[in-house]
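# Coordinate inspection notes
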Amino acid sequence: MLLNNNARITSLLRRLTAFRCFCKTRTPHFQLQAHTFLFTETNHTHINLLTVSSDVRTLHQIKQTHAFALLNGFLPRSVSLSASLILRYADFRESRASLLLFEETVPYCRTPFLWNTLIRALSIARVRDGFSTYNRMVRTGVRPDDHTFPFVLKACADSLELRKGMEIHGCLFKLGFDTDVFVGNTLMLVYGNCGCLEAVKRVFDEMRDRDVVSWNSIIGMFSVNGFYTEALDLYFEMNIRSGFKPNSVGVVSVLPVCGGLGDELMARRIHCYVVKVGLDAQVTIGNAIVDAYAKCGSVNASRRVFDEIVERNEVSWNSVITGLAHTGHNEEALDMFRLMIVGGFTRSAIAISSILPVLIDLEFFSLGKEIHCFSLRTGIESDVFIANSLIDMYAKSGHPTEASYVFHNMGARNVVSWNAMVANFAQNGFELAALELVRAMPAHEEIPNSVTLTNVLPACARGRFLHPGKEIHARSIRMRLNFDLFLTNALTDMYAKCGCLNLAQNVFSISLRDEISYNILIVSYSQTNDCSESLSLFVEMWLMGMKHDVVSFMGVISACANLAATKQGKEIHGVIVRKHFHTHLFVANSLLDFYSRCGRIDLAHKIFYCTPNKDTASWNTMILGYGMLGELDTAFNLFEAMREDGVEYDHVSYIAVLSACSHGGLVERGKGYFNQMQAQDIKPTQMHYACMVDLLGRAGLMEDAVTLIKNLPIVPDANIWGALLGACRIHGNIELASWAAEYLFQLKPQHSGYYIILSNMYAEAGKWDDANRIRELMKSRGAKKSPGCSWVQTRDQEHAFEVGERMNTCTPAL
């Protein structure tokens, strides 16, 4: 068809040129007759050129037509021909040629027609001239008409120029074009694209005349911006009162509303309407219905509609795969992806980027690598969506090097690429690299957004990088992101893990809050001396109408364990049972720890044997509990039963059993367990060595303890030296105590307990000068002894008594 069109145009141009040449070679008499004929022929030529200019398919043909029009004197006088060529040049992004044609022809145009054409052409060519054409038109005195405003408003909508759109709105209102339906529709588009939905509704309500485009536009704008209820109300109003019935555009606009609300009933009603009016044969509507059912959780209905689509396209497959992945039907999504490949749709970037997270959830990392290879073979690995999904896949699968390779070999990156890479480094232990990547973004013309900052803050938390965390906090305030819920939660968590709970509390107090916000502080306070704050936040969370989850219960139970708040802990246990959280393993383990530490090993025993799938932590907690209470035989029996139950020992298991041996003075048994641990390739930690030093020291084998410390393959920490100091306190060995304390004063100069132990030992030995010297050293280093504290439970509250203070109410009743 294209070749026939080319031949027809070329033939016409040749015949017109030949006729002119023939006329110039004839006699005057003939030329006079020819002149009359030529006048008629010229009119036909002009009409034919207009037809040709609209039919051309290549830039070369446009230039031929342009040249012929100039040769025969039609340009620059013919406004219609010039307008046609201006638009055709715009189709090929030749805005310079369009502008030259306009400048040559505009002196012959007394109407806004040519100005409107240029404004439209610049919009087609995606050239933003800063509205200079429109401004010049107004300054020249050319009055805009009903075609000018839709064209210039479309330019405002495309460039998101709200201020200019409002200026033009005022102008068209003064000129009386506000009642024009086409102008009104385009005006809604301006406000809608700029997010001013109240203005959209106001324009819509003030329109005297509306058409189906008006209804489709406003429904679509409310739908895209998440105002689902308003979009549905408008859809019903259109269907019942407007006199218009939804067409394919209206249906496609309202179906995402059903998905967003999860309203399957409404999706079915619209589906029935589609079938009734005969729109179900359109693939775009079929795709929208597939997507709507999937987002409503009706996988069977989605799959059934997909199977009924006669001519599926790439969007059809993308919709069903994305829907299955969205509802957690990962294996079915993978099967559909395979069928899509078999069906010949091999270059679907959206389908591939949707299936990669599915493979992560299924832990099919090898299949993910196969899809990477498939993308390389088909040449679509450079697609930014696929590359971003590959980075995410490799990062979540624990392969940061491969993720970095994909990132550095991308042809074009967007902010999502950088965010995925920051998350890759943060999740895989490269905290400094994550920070450096964020700092490098501006040099690559990418501005960090809220997701970037949210991704990098966990790296600051894990690395205890308080200063960079504060920098990110300051940047979030400058970027006005400090009210982003995810970001403020990440900031709260960062400050809490960096030990600055006062700053975490400040962020929490001035930010939006959800369950995660409360959980962060509940858990954080439970690990400090301010455990009562955990209980207060737990109660406040309930008063705010928020639901407690596993993390909430774990945090508050831990706080009760630290406070030895048995009454409150039992109350929370009751809440846990009523809400059926007691079957959750992590919650059950927290309850085991709570009752063990509060001395109610009998209740811990009951929970332990009622827990169906006990893990290593469950057994370790019980072994530690029985060991602390001196029931050593039970602790050792549990340790042996743990192996018989098929649960593997870990390093905590051996800390628990070595601690029991230490309390019982069972040196040989403890040595046997220590050797057994090493035989199982569990590398001893500082705590294991501390247990062995404590075991030997308590048994009076001080020389063996010293020999063990001197021969350690690691540098002893405060736990090891503290164990030796404690043994020296029991046996009154001042010389070794002084040696151990020397290291402890270096490692923990603010810890008052070590100074007090050594000072008391000197005092008991009658060495008062040395005792006073240690006390003075303690004061000079600012180490202060924590005041004694007693807890008393009354009927409705728990009270704390500190030395020199009156009664403090700490925790309310639940």
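Quantities reported herein were computed from a predicted structural model and do not represent experimental measurements.

Criteria and thresholds
Residues numbered from 1 in each chain as written. Predicted model: local features only at pLDDT ≥ 70, side-chain atom pairs only at ≥ 80, totals over all residues. Heavy atoms only, no water. Helix = DSSP H or I, 4+ residues; strand = E, 2+ residues; numbered from the N terminus. Buried < 20%, exposed > 50% of the residue type's maximum accessible area, 1.4 Å probe, protein only. Contact = heavy atoms within 4.5 Å. Core = buried A, V, L, I, M, F, W, Y, C linked by side-chain atoms within 4.5 Å. Phe/Tyr/Trp six-rings, centres within 6.5 Å; stacked < 30°, edge-to-face > 60°. Lys NZ or Arg CZ within 6 Å of the ring centre and 35° of its normal. Salt bridge = Lys/Arg side-chain N within 4 Å of Asp/Glu carboxyl O. Disulfide = S-S within 2.5 Å. Axes fitted to C-alpha atoms, helices over the stretch in contact; angles between N-to-C directions. Parallel < 35°, antiparallel > 145°, perpendicular 65-115°, else oblique. Left-handed = near helix turned anticlockwise from the far one by under 90°. Arc of directions from axis to C-beta. pLDDT = per-residue confidence, 0-100.

Regarding its fold elements, the chain presents 45 helices and three strands. Across the 814 residues that make up the chain, the buried fraction comes to 46%. Of all intrachain contacts in the chain linking residues separated by at least 6 positions in sequence, the fraction that spans at least 24 positions is 59%.

In this structure, Phe 149, Ile 270 and Leu 724 are the most contacted members of the largest nonpolar core, which totals 211 residues. It is helix H20 (residues 349–362) that provides the largest number of residues to this core, a total of nine residues. Excluding anything up to four places from it in sequence, Phe 149 contacts Tyr 134, Pro 144, Ile 168, Cys 171, Leu 172, Leu 175, Phe 177 and Val 183. Formed by 26 residues, the second largest nonpolar core is a distinct cluster that contains Ala 90, Cys 109, Leu 114 and Trp 115.

In the structure shown here, the tally under the stated rule is 25 aromatic pairs. With a centroid separation of 5.1 Å and 85° between ring planes, the pair formed by Phe 608 and Tyr 609 is classed as edge-to-face. With centroids separated by 4.9 Å and ring planes inclined at 90°, the aromatic side chains of Trp 721 and Trp 739 adopt a geometry described as edge-to-face. Here the residue Trp 721 occupies a position in helix H42 (residues 718–731), and Trp 739 occupies one in helix H43 (residues 734–747), the gap between them amounting to 18 residues. Accessibility expressed as a relative area gives 23% for Trp 739, which makes it partly exposed. Put simply, the rings of Phe 636, Phe 639, Tyr 649, Tyr 654 and Tyr 673 touch in pairs and so form one group of aromatic residues. Positioned above the aromatic ring of Phe 508, the side-chain terminus of Arg 513 is 4.5 Å from the ring centre. Its end group placed over the ring of Phe 608, Lys 614 keeps NZ or CZ at 5.0 Å from the ring centre.

So, about the side chain of Asp 694. Following the sequence through the fold, Asp 694 ends up in helix H40 (residues 686–698). For Asp 694, a relative accessible area of 18% corresponds to the buried category. In contact with Asp 694, not counting residues within four places along its chain, are Ser 662 and Ala 723.

The next subject is the side chain of Ser 375. Its location among the elements puts Ser 375 in helix H21 (residues 365–378). In contact with Ser 375, other than residues within four places in its own chain, are Ile 352, Ile 380, Glu 381 and Ile 386.

All right, on to the pattern of salt bridges then. Inspection of the entire model under this criterion finds 22 salt bridges. Put simply, Asp 158 and Lys 154 hold a salt bridge, and the shortest N to O gap is 2.9 Å. Separated by four residues within a single helix, Asp 158 and Lys 154 lie in helix H8 (residues 148–159), roughly one turn from each other. Salt-bridge contacts for Arg 773 lead to Asp 770; the nearest nitrogen and oxygen are separated by 3.7 Å.

Applying the stated criterion across every chain, the model contains zero disulfides. With no disulfide of its own, Cys 498 lies 6.4 Å from the sulfur of Cys 500, the closest cysteine sulfur. Note on Cys 691: no disulfide assigned, nearest cysteine sulfur contributed by Cys 661 at a separation of 9.5 Å.

For the rest of this paragraph, the subject is unusual backbone geometry. At Arg 126, a position not held by glycine, the phi torsion is positive, near 60°. Its place among the elements puts Arg 126 in the loop between helix H6 (113–124) and helix H7 (132–140). Note on Arg 126: relative accessible area 67%, which makes it exposed. Even without being glycine, Phe 131 reaches a positive phi, approximately 60°. Structurally, Phe 131 can be placed in the loop between H6 and H7. For Phe 131, a relative accessible area of 11% puts it in the buried group.

Their axes nearest at 7 Å, the elements helix H34 (residues 585–597) and helix H35 (residues 601–610) cross at an angle of 160°. Taken together, the axes of H34 and H35 are roughly antiparallel relative to one another. Handedness of the H34/H35 crossing: left-handed. Facing Ala 588, Leu 591, Leu 592, Tyr 595 and Ser 596 of H34, the residues of H35 in contact are Ile 601, Leu 603, Ala 604, Ile 607 and Phe 608.

We now examine helix H25 (residues 431–440). What H25 keeps buried is the set Glu 431, Ala 434, Leu 435, Leu 437 and Val 438. All buried residues of H25 fall inside an arc of 160° around its axis, so they share one side. Check the buried side of H25 and you find it contacts helix H24 (415–427), helix H26 (450–463) and helix H27 (466–478).

The subject of this paragraph is helix H11 (residues 197–206). Along H11, the residues classified as buried are Leu 197, Ala 199, Val 200, Val 203 and Phe 204. Relative to the axis of H11, the buried residues are bounded by an arc of 155° and lie together on one face. In H11, the exposed positions that point more than 90 degrees away from the buried face belong to Glu 198 and Glu 206. Close packing links the buried residues of H11 with helix H9 (162–174), helix H10 (181–193), helix H12 (212–224) and helix H13 (228–240).

On to the environment of Gly 429. Relative to the elements of secondary structure, Gly 429 occurs in the loop between H24 and H25. The class for Gly 429 is partly exposed, based on a relative accessible area of 44%. A sequence separation of 30 residues divides Gly 429 from Ala 459, and the C-alpha atoms of the two residues are 7.7 Å apart.

For the chain, the average pLDDT comes to 84, and 89% of its residues sit at 70 or higher. Confidence, read as mean pLDDT per element, is least for helix H1 (residues 2–24) in the chain (45) and greatest for helix H28 (residues 485–497) (94). With pLDDT under 50 throughout, residues 1–6 is counted as low confidence; its partners more than four residues away or in other chains account for four contacts. Low pLDDT (under 50) marks residues 12–41, which in the prediction has 20 contacts with non-local residues, meaning those over four places away or in another chain.

Our next topic: the packing of helix H36 (residues 616–628) against helix H38 (residues 651–664). Two numbers describe how H36 lies on H38: the axes approach to 9 Å, and their chain directions differ by 10°. Classified by the interaxial angle, the pair formed by H36 and H38 is roughly parallel. Where H36 approaches H38, its residues Thr 616, Asn 620, Ile 623, Leu 624 and Gly 627 are matched on the opposing element by Val 652, Ser 653, Ala 656, Val 657, Ala 660 and His 663.

The topology assignment puts Glu 206 in helix H11. Residues Glu 206 and Gly 184 lie 22 residues apart in sequence; the distance between their C-alpha atoms is 9.0 Å.

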